[in-house]
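Okay, here's what each chain looks like letter by letter:
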Amino acid sequence: MRVFVAAFTVLSLVAVGRAQTPYETFLSQLKAAVRRDDRAAVASLVKFPIIVSMAGVRMPFPNAAALLERYDDIFT
């Protein structure tokens, strides 16, 4: 999970005095939810259905409930 958060931190740097883009707002919300271990908030930020690659296997997740069942496998 640290690599995930670190990568998004680098990508979401915001220049001073500039409004955040929707992308930057999303990343800020995602990082905050991951830090709090607020799994429901993380799932609420995802647009479903989504396909997640885990250990080289692409797995579809049709909804938040399915994602939350495998949360620990996805966000390592």
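Up top is the structure.
Quick caveat: nothing in here was measured; it's all calculated off a predicted structure.

A. Layout of the pattern of salt bridges. With the rule as written, the count across this model stands at four salt bridges. Across the pair Asp38 and Arg36 runs a salt bridge whose closest N-O atoms are separated by 3.3 Å. Look at Asp38 and you get partly exposed, because its relative accessible area is 27%. You can call Arg36 exposed: its relative accessible area is 52%. Note that Arg39 and Asp72 form a salt bridge whose closest N and O atoms lie 2.7 Å from each other.

B. Structural context of the packing of aromatic side chains. Evaluation of the coordinates by the stated rule reveals one aromatic pair. Centre to centre, the rings of Tyr71 and Phe75 are 4.7 Å apart; their planes meet at 35°, and the pair counts as tilted. When sorted by exposure, Tyr71 lands in the same class as Phe75, which is buried.

C. Spatial organisation of unusual backbone geometry. Following Phe48, the chain continues to Pro49 via a peptide bond in cis, the omega torsion being 0°. By the secondary structure assignment, Pro49 is in the loop between helix H3 (39-45) and strand E1 (50-54). With a phi close to 55°, Asp37 is a non-glycine residue in the positive phi region. Looking at where Asp37 falls in the secondary structure, it is placed in the loop between helix H2 (22-35) and H3. The class of Asp37 is partly exposed, set by a relative accessible area of 41%. Residue Ala55 is not a glycine yet carries a positive backbone phi of 55°. In this structure, Ala55 sits in the loop between E1 and strand E2 (57-61).

D. Structural view of the pairing of E1. In this sheet, E2 lies alongside E1 in antiparallel orientation, the contact comprising five bridges. Pairing of Ile50 across the sheet is with Phe61, part of E2. Hairpin connection of E1 to E2: two residues between the antiparallel strands, including Ala55 at a positive phi of 55°.

What counts, and where the lines are drawn
Residues numbered from 1 in each chain as written. Predicted model: local features only at pLDDT ≥ 70, side-chain atom pairs only at ≥ 80, totals over all residues. Heavy atoms only, no water. Salt bridge = Lys/Arg side-chain N within 4 Å of Asp/Glu carboxyl O. Buried < 20%, exposed > 50% of the residue type's maximum accessible area, 1.4 Å probe, protein only. Phe/Tyr/Trp six-rings, centres within 6.5 Å; stacked < 30°, edge-to-face > 60°. Helix = DSSP H or I, 4+ residues; strand = E, 2+ residues; numbered from the N terminus. Pairing = 2+ DSSP bridges.

Structural measurements only, silent on function.
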